Structure formats: structure tokens, C-alpha cells
Amino acid sequence: GAGVSQSPRYKVAKRGQDVALRCDPISGHVSLFWYQQALGQGPEFLTYFQNEAQLDKSGLPSDRFFAERPEGSVSTLKIQRTQQEDSAVYLCASSEPEAGQFFGPGTRLTVL
Amino acid sequence: AQSVSQHNHHVILSEAASLELGCNYSYGGTVNLFWYVQYPGQHLQLLLKYFSGDPLVKGIKGFEAEFIKSKFSFNLRKPSVQWSDTAEYFCAVNPWGGADGLTFGKGTHLIIQP
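Summary of the structure given here.

Rules behind the numbers
Residues numbered from 1 in each chain as written. Chains lettered and ligands numbered in written order. Predicted model: local features only at pLDDT ≥ 70, side-chain atom pairs only at ≥ 80, totals over all residues. Heavy atoms only, no water. Helix = DSSP H or I, 4+ residues; strand = E, 2+ residues; numbered from the N terminus. Rg over C-alpha atoms; globule rule 2.2 N^0.38 Å. Buried < 20%, exposed > 50% of the residue type's maximum accessible area, 1.4 Å probe, protein only. Contact = heavy atoms within 4.5 Å. Areas by Shrake-Rupley, 256 points an atom, 1.4 Å probe, with all protein chains shown as cover. Buried area = accessible area lost by both parts, 1.4 Å probe. Salt bridge = Lys/Arg side-chain N within 4 Å of Asp/Glu carboxyl O. Polar contact = N/O pair within 3.5 Å; in protein donor to acceptor, adjacent residues only side chain to side chain. Nonpolar A, V, L, I, M, F, W, Y, C, P; charged D, E, K, R; others polar. Pairing = 2+ DSSP bridges. Axes fitted to C-alpha atoms, helices over the stretch in contact; angles between N-to-C directions. Disulfide = S-S within 2.5 Å.

### Considerations on the overall build of chain B
The secondary structure content of chain B amounts to zero helices and 12 strands. Counting helices and strands in the order they occur from the N terminus, chain B gives β-β-β-β-β-β-β-β-β-β-β-β. A compact globule built from 114 residues should have a C-alpha radius of gyration of about 13 Å, and chain B, at 14 Å, falls within 12% of that. By principal-axis analysis of the C-alpha atoms, chain B measures approximately 40 × 25 × 20 Å. Relative to its full complement of 114 residues, chain B shows a buried share of 46%. For chain B, contacts bridging at least 24 residues in sequence account for 56% of all contacts bridging at least 6. Put simply, chain B shows about 5,500 Å² of open surface, and 52% of that area lies on carbon and sulfur atoms.

### A short note on the interface of chain B and chain A
Between chain B and chain A, the residue contacts involve 17 residues of the former and 18 residues of the latter. Taking both partners together, chain B and chain A bury about 1,300 Å²; carbon and sulfur atoms supply 60% of that area. For the pair chain B and chain A, the number of links is zero salt bridges. The interface formed by chain B and chain A contains three residue pairs in polar contact (both at pLDDT 80 or more). Of all the elements in the fold, those that place two or more residues in the side of chain B that touches chain A are β5 (31–38), β6 (45–50) and β10 (87–95) of chain B. Counting residues per element, the side of chain B that touches chain A draws most heavily on β5 of chain B, which supplies three residues. Partitioning the side of chain B that touches chain A into residue classes produces nine nonpolar, five polar and three charged.

### Structural notes on the sheet that holds strand β8 (residues 75–79) of chain A
Residue and element names in this part refer to chain A. Within the open sheet, the four strands sit side by side as β1-β3-β8-β7. Their pairing is antiparallel. In this open sheet, the two edge strands, each paired with only one partner strand, are β1 (5–7) and β7 (65–68). Along the sheet, successive strands turn relative to each other by an average axial angle of 15°, direction set aside. Judged from the three bridges that link them, β1 and strand β3 (residues 19–24) form a sheet pairing that is antiparallel. What sits directly across from S5, in β3, is D24.

### What about the state of the cysteines?
Residue and element names in this part refer to chain A. For the coordinates displayed, the defined rule picks out two disulfides over all chains. Across a sulfur-sulfur distance of 1.9 Å, C23 and C92 are joined as a disulfide pair. On the S-S bond that ties C23 to C92, the torsion sits near -65°, and the link is left-handed. Here C23 is found in strand β3, whereas its partner C92 is found in strand β9 (residues 88–95), with 69 residues between them in sequence. The pair formed by C23 and C92 is uniform in burial state, with each residue classed as buried.

Here it is, written out as C-alpha cells:
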């Protein structure tokens, strides 16, 4: 596709449920990033992949958060045992060298 | 670790006014600098970026930004704004040379009155 796509666009989960958020990067982009954006705030970095290798996961807020990119293309962000404080928009971005990061539309997660 | 400060959280201007949005960063080394825009209901879009070279960078839709290294600043400017520029603007930074995650400011909500 022409841009980064994410699914689902909206997700409502009950507290304690597990969720999986998908990101399809721009074809051929080696680098893929996940961010969390709380209401009224700028995005905050969660984790970064280069191809299938997860090179930085320093931003993941707890061990309930897990990301993977097994074939170096599509990525999944999984949140186990969701809590209310996990409610946010989760953004995915992909990039190639010297080009800046291109963002998807995000997944709005609401935990009840 | 780097940080980004955007001084104005809300800015209201009339059409045709000139715009300058402030951005300062804190980091001990060389950085890449970015401005992103988020129009209502749309996703983040890259306005412009600075990696090296000419510190005056021109982006899309008539926007430009100037990197002043001595002031750790990367302010966004537009000489004459339009109603369609109403949006949220984010300044971001990452360490130069790497493909690291971006550190964003909190954003500036710009409203242009017709």
C-alpha cells in the first residue's frame, strides 16, 4: 500500500483482557517503530525494529507489553492483562534512512 | 536522554498572520530534527526535517524551520497562515546518525480564525 496501515482502528477491551494491535509498514521500509500517545500529549517511543530484530524496547512501560516482527514486515504489539492506564492511541511508523518516519493512523485503545 | 520543549500549547491567529512556533531540545550530541503536523481526524504527517547542511529547511505547504545550534532551537515559521493550517504541530528529535525512536514535544494546538 501507499502508507502505513494499522488495525483495528478502534479497540475496546475489558480490564484484564489481552489485545493485539497490527501494523503494516510501507513496503521495503527496514525500520519500524511503535509509539503510545495519551490524550493531549505527544507520542512516546515504545520500541523499534530493524527488519526482524528488536533493537530497542526501552520504552515499553511494563512486561505486559510485547512486540514482534517475525518476518521483518508486519509487526504486532501485544498487551497482556490490560489496565485502564493502557488506554491511549498506539501509533506505528516506518522509515528508510534519511527519510524521516511515516506514521499510520493509529489504534485507539480504550480499556474499561 | 533527549527532551523537547514546545513553548506554546495553544496559539490562535487570524488568516494571513505570520506564524512562529517555538521548539527547544536538550541533548548532549548532534541531532536530527523534525516537525510533524496532525490535521483534525488525520494521522501525523511529516512537515519538514533537518539532518545536516543548510540550517534553514523548507517543507511542505509553505512551512520552514531554522536550526540554531547555539540556542538548541528549531522554530517553525510560515509567513502567512491559512484557515486550513488549523492543526496540532509536534516538534521531534532523535540522535544524529541513528534510526532511533523520536522524542516528541507535547505539541502546539494552532487555530486559525477566518
